[in-house]
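Spelled out from the first residue to the last, the chains are:
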2 protein chains.
Amino acid sequence: MTNIFNQDLERNNANYQPLTPLTFLERAASVFPEHTAIIHGSLRRSYKDFYARSRQLASRLSQEGIGRGDTVSVMLSNTPAMLEAHYGVPMTGAVLHSMNTRLDADIIAFQLDHAESKLLITDTEFSPTIKSALEKAGVKPLVIDYADPEFSGDGERLGETEYEDFIAAGDPEFKWLMPKDEWDAISLNYTSGTTGNPKGVVYHHRGASLLAQGNALTASMPKHSVYLWTLPMFHCNGWCFPWTLSAIVGTHVCLRAVRQKPMWDSIADHKVTHMCGAPIVMSTLLSASDEDKRELPHVVEFFTAAAPPPEAVLAAMKDAGFSVTHLYGLTESYGPAVVNDWHIEWDELDSAAQAGMKARQGVRYSALEGLDVIDPETMQPVPHDGETIGEVMMKGNVVMKGYLKNREATADAFRGGWFHTGDLGVMHEDGYIQLKDRSKDIIISGGENISSIEVEDALYKHKAIAAAAVVARPDDKWGETPCAFIELNAGAEAPTIEELDKWCRSQLAGFKIPKHYVFEELPKTSTGKVQKFVLRERAKTL
Amino acid sequence: MTNIFNQDLERNNANYQPLTPLTFLERAASVFPEHTAIIHGSLRRSYKDFYARSRQLASRLSQEGIGRGDTVSVMLSNTPAMLEAHYGVPMTGAVLHSMNTRLDADIIAFQLDHAESKLLITDTEFSPTIKSALEKAGVKPLVIDYADPEFSGDGERLGETEYEDFIAAGDPEFKWLMPKDEWDAISLNYTSGTTGNPKGVVYHHRGASLLAQGNALTASMPKHSVYLWTLPMFHCNGWCFPWTLSAIVGTHVCLRAVRQKPMWDSIADHKVTHMCGAPIVMSTLLSASDEDKRELPHVVEFFTAAAPPPEAVLAAMKDAGFSVTHLYGLTESYGPAVVNDWHIEWDELDSAAQAGMKARQGVRYSALEGLDVIDPETMQPVPHDGETIGEVMMKGNVVMKGYLKNREATADAFRGGWFHTGDLGVMHEDGYIQLKDRSKDIIISGGENISSIEVEDALYKHKAIAAAAVVARPDDKWGETPCAFIELNAGAEAPTIEELDKWCRSQLAGFKIPKHYVFEELPKTSTGKVQKFVLRERAKTL
């Protein structure tokens, strides 16, 4: 039978446009040209300038032959150039490849080659690593140096042109390209896998637009919010916040490095309303001296991910004037796609119970159409009992396009019509998910599964312990046993083994108690995640 | 050359889902099942129930053979059934056709036939009109009566089943249908054209999802906002707010009729945060007796459209505790797609200047990709001078799919790749548009164009005048002359003709001064727009 609603009602230029976050900046610059878009040290840049400079960048890239499907790589801190790259690069139809600034030369060389990079914008702070990487790489991208005035060091210039000179010759009225299709790629972010080569996660314009708006909706971010860059923009494109801020005509406060005094000063001086970061950012804020801490003008919304925020940290953050929301996501989901959506009734719980609620990863963003905990064998959802462990799976418009030049890994990640996160978790009765462990982090001791998170949670509650990471240590008798690496609070005395055993025994089943304790600083990735694979190697040698 | 970002990176079920607002309700019910979704008189309905009842409706419709591409018509006030229809109908793949409850039987019969309606849900208040319409119509839809307990009258039942009985047999766990394609139609709204038959404007799931989110972003509506239904839901699907509220898990406060005491009581008792309505709603609120007015718990955001809010009304609204934002749009743009996006600096202007700023229609929503004032002959944008008149045109994802079964009108509306609004306006230097007149309302006197809005604005400033509408009156000498219809403030004495002439002369060029003044109540459409075509007829007979 004919569907009358599909007759003579086709898409056309008047009623269909590809979704893209690029139009957010065009709108912000047109409607609020004088509003401050970027604060960086003493620099203030309006939306008019932000847009004009992004177009200048796009114009110059085009002149250098960059166009649809080309890769532009950047090695940049949280600086204005990084924000401009988030617009100027895709405005040419090219794809933005952001690199983690703490990577070593070998991995950078691998990424540049794999991405077939045509042009590289690199902050002079990272010149030593990049120089070495360029020697190792097969590709020979055109190199543009970025000499940020806020960088106090003395960085070598690797190319022939500095960024400001490069874009100065660009056309601020450049007629930039819309994507041909909203499925066109906008950016490329490599995962830091623990084994094998990193995989290149491809984002498209549609997903970037939807997650950027989803951030504002999920976080109830009003027009003109002020956002502090404590999350690296190279990490999942800063969870898409470089695009979110344009959608709500907000202000970016850049920061080259997450240090205590500049953070507190930025928040107080610029009236920051929102910020994101790994748990390590909260610890850094809280451990600032009283001199460096500042009175805050209002409650600051803090979004954290990577690890559940411990009770003591939550309480201290609240006292310091922050409201903490727990998010969860992966590079493959454009950053956060799951939120611990808070119920006002939970405010009535005691602080331990609140922390328990807040430790859960939560529910899907509106922009993520599906989230479930599924048995990967049967592809059936696990019961909502808070106990049965399954794999967290996602589906929807904010799931990546796939892995670049890696058909097998892409097919594997999407098998059964779901994106397989590789994270293990449970589904609570109320539909909130909670991670129980990254698959590879589960400890199997005497045939029993031990969640390393559960053991860590117990250790975290000890007043002398600042941070704890528990990994599996091979054991002839038990197969594996838990091994705990512990960072102590400044000035705290290390508890004895007996004391720790007693402490754990009061909270955990006997087989879950660590057989080894190591007191040392935990190795972390540049985004604040504990590098458990390093600890697993250490544990073997004990 | 091969684009590596388009190889082996196709859409699949894990990374692509059709956009639709239906998933907003599913999410709200899953995450906040106990949150109050709907308040209607003494009734409170949770999100869990709202979702379950919508699925029951969908289930029953399916059982009646309703499916993809079918039309379900509704004749409903702002009631829970109307909200359920916004989800339950499209959950079957069918299209929701909402009718203006003040239409007469002939037009309703035309709409039912043109829409090929299969089923009709009708509030018993409107039984007399519907009975007559069904006699005139060729189609014979299954009729479901809705007997709203909040309706105090004694409405005849036209069908064999009442709505509650109908859905009671439905399955609350019904596996509803996602759209096959986000371009699939979700709803049908007929425009009330002044000439010829009404045109059926078709919306799709993609646009409804984007405008629903756009409302929340544009209005900075936080999670759990409370929304009062003073705008009819039959008007452009209530500007898509039935879907917006689910996206932010807010609360709908229903109202069968816009009356003073229930409005003030609802706002105060339920802590309403946002509401929408034509200017007549503001006048109704403000003219309430002191007894009926209530102290408000916080500033209430009021969104108005259809006519620029006059200075005196803005000032009175501010004093009463409302913040007024001016929106603009058409049925063809899902309701509002343009917003008078306020600059904080404008708060420093005096109240007349603020009203002048607020009278402008403004700038595009983020969800509308293009908005311009264009010369329809050359299709070139007019200069940004605030003077050159052109036609307001739009393009983007929140422009309708087209007119149902009307290929010619669709093609005409979209000619040149823009949607032609038929409204005339100017573009100010700062990129804000301002309507100068609906095309058909311009008055041409002695070869000079007169904007009826300009004359009305001058009249509005007179303290005795509550409302004014100016239309063209045929004139042998001048071709046309302005004729003013005036509503006086309650208790105000009618000014003399001499007084009004002098008043207008102090503000307008001589040729713009009305040649006739008529004191009488203005005829309005059910959505509060003045029916100028009625006045034009009246003017001829003077």
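Please read these numbers as outputs of a predicted model, since none were measured by experiment.

1. Focus on the overall build of chain A
Stage number 1. When helices and strands are tallied, chain A shows 17 helices and 27 strands.
Stage number 2. On C-alpha atoms alone, chain A measures out to a radius of gyration of 24 Å, which is about the 24 Å that the 2.2 N^0.38 rule sets for 542 residues.
Stage number 3. C-alpha atoms of chain A, sized along the principal axes, occupy 70 × 70 × 50 Å.
Stage number 4. Burial analysis of chain A (542 residues in total) assigns 55% to the buried set.
Stage number 5. Within chain A, residue pairs in contact and separated by at least 24 positions form 69% of the contacts whose partners lie at least 6 positions apart.

2. A closer look at unusual backbone geometry
Stage number 1. You will see that K405(A), though not glycine, has its phi angle at about 50°, which is positive.
Stage number 2. With respect to the helices and strands, the residue K405(A) is situated in the loop between β20 (402-403) and α14 (407-413).
Stage number 3. The exposure class of K405(A) is partly exposed, given the 18 C-beta atoms found within 10 Å.
Stage number 4. Here C240(B), not a glycine, exhibits a phi torsion of approximately 75°, which is positive.

3. Observations concerning the relation of the copies chain B and chain A
Stage number 1. Of the two same-sequence chains, chain B is brought onto chain A (RMSD 0.1 Å, axial shift 0.0 Å) by a rotation of 180°. Expressed as an axis order, the relation between the two copies is that of a two-fold axis.
Stage number 2. Take the interface residues of chain B: 100% of them recur as interface residues in chain A, which is what a same-surface contact looks like.

4. Side note on the confidence of the model for chain A
Stage number 1. Mean pLDDT over chain A stands at 93; residues scoring 70 or higher make up 97%.
Stage number 2. This complex was scored by the predictor with a pTM of 0.87 and an ipTM of 0.86.

5. With respect to the packing of helix α11 (residues 279-286) of chain B against helix α12 (residues 311-320) of chain B
Residues and elements named next belong to chain B.
Stage number 1. Between α11 and α12, the least distance of the axes is 10 Å, while the angle of their chain directions is 55°. On the basis of their axis angle, the class for α11 and α12 is oblique. Considering only the axes of α11 and α12, their crossing is left-handed. Contacts between α11 and α12 involve P279, M282, S283, L285 and L286 on the former and, on the latter, V313, A316, M317 and A320.

6. Looking at the interface of chain B and chain A
Stage number 1. With 53 residues of chain B at the contact, the number on the chain A side is 53 residues.
Stage number 2. Put simply, the parts of the chain that give the side of chain B that touches chain A at least two residues each are α1 (22-31), α7 (205-218), β16 (363-364) and α14 (407-413) of chain B.
Stage number 3. Partitioning the side of chain B that touches chain A into residue classes produces 23 nonpolar, 17 polar and 13 charged.

7. A few points about the sheet that holds strand β10 (residues 226-228) of chain A
Residues and elements named next belong to chain A.
Stage number 1. Spatially, the nine strands line up as an open sheet ordered β2-β1-β11-β10-β12-β13-β14-β15-β16, and their pairing is mixed. Each edge of the open sheet carries a strand with a single partner, namely β2 (43-46) and β16 (363-364).
Stage number 2. Examined bridge by bridge, strand β14 (residues 322-330) and strand β15 (residues 335-339) share four bridges and lie antiparallel to one another. Of the residues in β15, the one forming a bridge with L327 is V339.

8. A short note on helix α10 (residues 260-269) of chain B
Residues and elements named next belong to chain B.
Stage number 1. All of the buried residues along α10 are M263, W264, S266 and I267. Along the axis of α10, the buried positions cluster into a sector of 160°, meaning they face one direction only. Facing away from the buried side of α10 by over 90 degrees, the exposed positions are D265 and D269.
Stage number 2. Those residues of α10 hidden inside the fold are in contact with β10 (226-228), β11 (251-253), α11 and β13 (300-304).

9. Topic: the domain arrangement of chain A
Stage number 1. According to the domain assignment, chain A contains domain 1 (47-165 + 182-206), domain 2 (258-439) and domain 3 (442-541).
Stage number 2. Taken over C-alpha atoms, the centre of domain 1 of chain A sits 38 Å from the centre of domain 3 of chain A.

10. Considerations on the packing of α12(B) against helix α13 (residues 351-358) of chain B
To describe two helices that pack against each other, one gives the angle between their axes and the distance between the axes.
Residues and elements named next belong to chain B.
Stage number 1. Look at α12 against α13: their axes get within 9 Å of each other, and the N-to-C directions meet at 105°. The pairing of α12 with α13 is recorded here as roughly perpendicular in orientation. In contact with E311, L314 and A315 of α12, α13 contributes S351, A352, A355 and K358.
Stage number 2. Classifying every residue of the contact of α12 with α13 gives four nonpolar, one polar and two charged.

11. Considering the environment of A268(B)
All names here are of chain B.
Stage number 1. With respect to the secondary-structure elements, A268 resides in helix α10.
Stage number 2. It is 6.5 Å that separates the C-alpha atoms of A268 and R294, two residues lying 26 residues apart in sequence.
Stage number 3. Excluding residues within four positions of it along the chain, A268 makes contact with R294, E295, L296 and P297.

12. Some words on the environment of K512(A)
Residue and element names in this part refer to chain A.
Stage number 1. Note on placement: K512 falls in the loop between α16 (497-505) and β27 (516-519).
Stage number 2. Expressed as a C-alpha distance, the spacing of K512 and S452, which sit 60 residues apart in the sequence, is 8.7 Å.
Stage number 3. In contact with K512, not counting residues within four places along its chain, are I450, E454, V455 and P482.

13. Brief notes about the sheet that holds strand β9 (residues 200-204) of chain B
In sheet architecture, strand pairing relies on hydrogen bonds along the backbone and comes in two forms, parallel and antiparallel.
Residue and element names in this part refer to chain B.
Stage number 1. Here we have eight strands laid out as an open sheet, ordered β7-β6-β5-β3-β4-β8-β9-β20, and mixed in their pairing. Looking at strand neighbours, the two that pair on one side only are β7 (161-162) and β20 (402-403), the edges of this open sheet.
Stage number 2. Pairing between strand β4 (residues 95-98) and strand β8 (residues 185-190): two bridges, direction parallel. Each residue of the ladder has a partner; that of H97, found in β8, is L188.

14. Topic: the pairing of strand β12 (residues 274-277) of chain B
Residue and element names in this part refer to chain B.
Stage number 1. Burial of the side chains of β12 extends over both faces: H274 and C276 are buried on one face and M275 and G277 on the other.
Stage number 2. Looking at chain direction, β10 and β12 are connected through two bridges and run parallel. When the bridges of β12 are listed, Y227 appears paired with H274.
Stage number 3. The β-α-β motif built from β12, the intervening α11 and the parallel element β13 has right-handed crossover chirality.

15. Some words on the pairing of strand β21 (residues 419-427) of chain A
Residue and element names in this part refer to chain A.
Stage number 1. Across the nine residues that make up β21, a large majority, seven, are buried.
Stage number 2. In this sheet, β21 lies alongside strand β19 (residues 390-395) in antiparallel orientation, the contact comprising four bridges. By the bridge assignment, M394 is partnered in β21 with F419.

16. Details of the environment of A337(B)
Residue and element names in this part refer to chain B.
Stage number 1. The residue A337 is located in strand β15 (residues 335-339) in this model.
Stage number 2. Judged by the 28 C-beta atoms lying within 10 Å of it, A337 is buried.
Stage number 3. Sequence separation of A337 and L368 is 31 residues, and the distance between their C-alpha atoms is 6.2 Å.
Stage number 4. Among residues more than four places away in sequence, those in contact with A337 are G329, R364, Y365, L368, M394 and V398.

Scoring rules and cut-offs
- Residues numbered from 1 in each chain as written.
- Chains lettered and ligands numbered in written order.
- Predicted model: local features only at pLDDT ≥ 70, side-chain atom pairs only at ≥ 80, totals over all residues.
- Helix = DSSP H or I, 4+ residues; strand = E, 2+ residues; numbered from the N terminus.
- Rg over C-alpha atoms; globule rule 2.2 N^0.38 Å.
- Buried ≥ 20, exposed ≤ 12 C-beta atoms within 10 Å, placed from the backbone.
- Contact = placed C-beta atoms within 7 Å.
- Least-squares fit on C-alpha atoms with pLDDT ≥ 70 in both.
- pLDDT = per-residue confidence, 0-100.
- Axes fitted to C-alpha atoms, helices over the stretch in contact; angles between N-to-C directions.
- Parallel < 35°, antiparallel > 145°, perpendicular 65-115°, else oblique.
- Left-handed = near helix turned anticlockwise from the far one by under 90°.
- Nonpolar A, V, L, I, M, F, W, Y, C, P; charged D, E, K, R; others polar.
- Pairing = 2+ DSSP bridges.
- Arc of directions from axis to C-beta.
- Domains from an automatic or database assignment.
- Right-handed = clockwise from strand over helix to strand, strands pointing away.

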